[in-house]
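# Analysis of the macromolecular model
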Amino acid sequence: MDQYSGCTTLVGDLEITGDSLTSASLANVEELQGSLIVNNASKLNDFHADSLKKVTDTLSLQKLYILSAASFGALEEVDTIQFITLPAISTFTTNLKSPNIIYVSDTALEAVNAFTSLQKVASFNMNNNKGLGNLESDLETVSDSLEFSSNGNDANVTFDKLIWANNITIRDVESASFTNLESVNQSLGFINNSISTLNLSSLSSVGGSFSVVSNDELTEVDAKNLTSVGGGFGVANNTDFKSINGFSKLATVGGALVATGNFTELDLSSLKSVKGGAQVDTSSGNFSCDALKSLQSKGAIQGDSFVCKNGSTSIKLSSTSGSSSGSSSRTATSSGASSSGSVSDSSDSSSTSTHTSRGAAAADFAPAGSILGVFAAVAAALL
């Protein structure tokens with residue numbers, strides 16, 4: 001390392017590895033035209049490159065099991081950051097302005113102050129950093145994916161300046177704030193969080209799937225300006241979510257509609273078109289299926305399967321086969337697995353025909369890069 005101390009620019013990749021170094025610094029080097037890789041240096045305790053302003057490719061720290069301190073105080077430009085398996089490091093600092101990809105996984109980081117002033121990235125992924133509690137970012141656009149998952153148990157994430165993203169997946173957080181988010185090109189998912197309220201009041205469109213799944217403490221979602229979802233729309237297994245009334249302007253769903261839980265209200269009063277099937281299943285006996293049945297009877301729910309059930313035995317829907325060789329009826333189960341055809345109320349033996357359009361494929365329901373297998377089987381049946 002000492003032989004580089006008189007250089008301000010290095011051309012090529014620099015890799016540091018092995019078990020000989022306990023401490024290392026890249027003194028005076030301001031630009032590295034290539035990648036800086038520190039990998040599997042088993043005895044490295046600290047690393048400093050505080051004069052480094054630019055790395056044209058990748059800054060990678062991986063499998064550094066006792067590294068407790070790393071600083072890049074002057075670093076402003078880098079294409080890709082990879083911090084993977086750093087179980088002893090609790091903080092790091094940079095002055096980053098324009099990275100393209102950020103991936104931080106399996107570290108002991110408790111706070112991240114290196115990304116607070118970033119305005120745009122392609123990919124931002126922080127996962128399995130068990131000490132990481134709060135993340136506040138000034139990001140405005142994410143052109144590929146934003147994922148925050150399996151970090152600290154009481155993690156709080158704030159992306160209040162984010163206007164647009166391609167994909168967003170938020171898991172295992174206590175609170176999440178996206179007050180200025182206007183559109184998501186592909187998928188948007190909030191999964192397995194302890195969030196109590198979710199403010200998406202600026203959101204107008206989601207190009208792929210929209211999913212709110214297994215958030216046990218959730219009581220309110222405000223998505224009052226959401227008008228279209230290009231893929232599946234799923235609100236499921238949110239224990240305390242009794243009144244699903246924050247989607248009153250939702251007009252079109254390009255995939256399946258799935259709502260399960262213990263809700264008494266599902267306000268989809270502006271809904272005009274669901275190109276997939278529908279499964280609505282609540283354990284509450286106070287929920288009425290009338291509005292959805294009316295949509296289905298008009299052909300607005302176009303998929304092969306339609307199931308709407310509540311906890312009362314007075315309403316029971318069944319589905320019959322639409323095969324030309326004959327028809328046979330069977331009661332629809334809560335899994336939503338039934339064949340295409342007519343839908344009848346158990347209190348009325350007459351049936352109404354349904355449209356046979358399959359709508360979007362099941363793969364279109366589950367967003368790329370997120371964990372939504374809980375809906376995949378249901379969507380396959382519905383579509």
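In what follows, the accompanying structure is described. Remember, it's a predicted structure, so these values are computed and weren't measured experimentally.

## As for the sheet that holds strand E17 (residues 175-177)
Remark on secondary structure: sheet strands pair via backbone hydrogen bonds, oriented parallel or antiparallel. With parallel pairing, 3 strands are arranged side by side in an open sheet as E13-E15-E17. If you trace the sheet from one side to the other, it starts and ends with strand E13 (134-136) and E17, each paired once. Across the sheet, the axes of successive neighbouring strands diverge by a mean angle of 0 degrees, strand direction being ignored. Both E13 and strand E15 (residues 156-158) contribute to a ladder of 3 bridges, which runs parallel. Note on E15: the bridge partner recorded for Leu-135 is Val-157.

## Thoughts on the pattern of salt bridges
One pass over the full model with this rule turns up 2 salt bridges. Here Lys-161 and Asp-138 are joined by a salt bridge, their closest N and O atoms 3.9 Å apart. Of this pair, Lys-161 sits in the loop between E15 and strand E16 (164-171) while Asp-138 sits in the loop between E13 and strand E14 (141-149); the two residues are 23 residues apart in sequence, bridging distant segments of the chain. Looking at Lys-161, the relative accessible area reads 46%, which means it is partly exposed. Its salt-bridge partner being Asp-172, residue Arg-171 comes within 3.9 Å of it at the nearest N-O pair. With relative accessibility at 19%, the residue Asp-172 sits in the buried group.

## Observations concerning the environment of Gly-285
Mapped onto the secondary structure, Gly-285 falls in the loop between strand E31 (278-282) and helix H1 (290-297). Sequence separation between Gly-285 and Asn-310 is 25 residues; the distance between their C-alpha atoms is 5.4 Å.

## Observations concerning the pairing of strand E32 (residues 306-309)
Here 4 bridges tie E31 to E32, and the two strands are oriented parallel to one another. Each bridged residue has a counterpart across the sheet, and for Asp-281 the counterpart in E32 is Lys-309. With H1 bridging E31 and its parallel neighbour E32, the resulting β-α-β unit is right-handed.

Here is what the cut-offs are and how they apply
- Residues numbered from 1 in each chain as written.
- Predicted model: local features only at pLDDT ≥ 70, side-chain atom pairs only at ≥ 80, totals over all residues.
- Heavy atoms only, no water.
- Pairing = 2+ DSSP bridges.
- Helix = DSSP H or I, 4+ residues; strand = E, 2+ residues; numbered from the N terminus.
- Axes fitted to C-alpha atoms, helices over the stretch in contact; angles between N-to-C directions.
- Salt bridge = Lys/Arg side-chain N within 4 Å of Asp/Glu carboxyl O.
- Buried < 20%, exposed > 50% of the residue type's maximum accessible area, 1.4 Å probe, protein only.
- Right-handed = clockwise from strand over helix to strand, strands pointing away.

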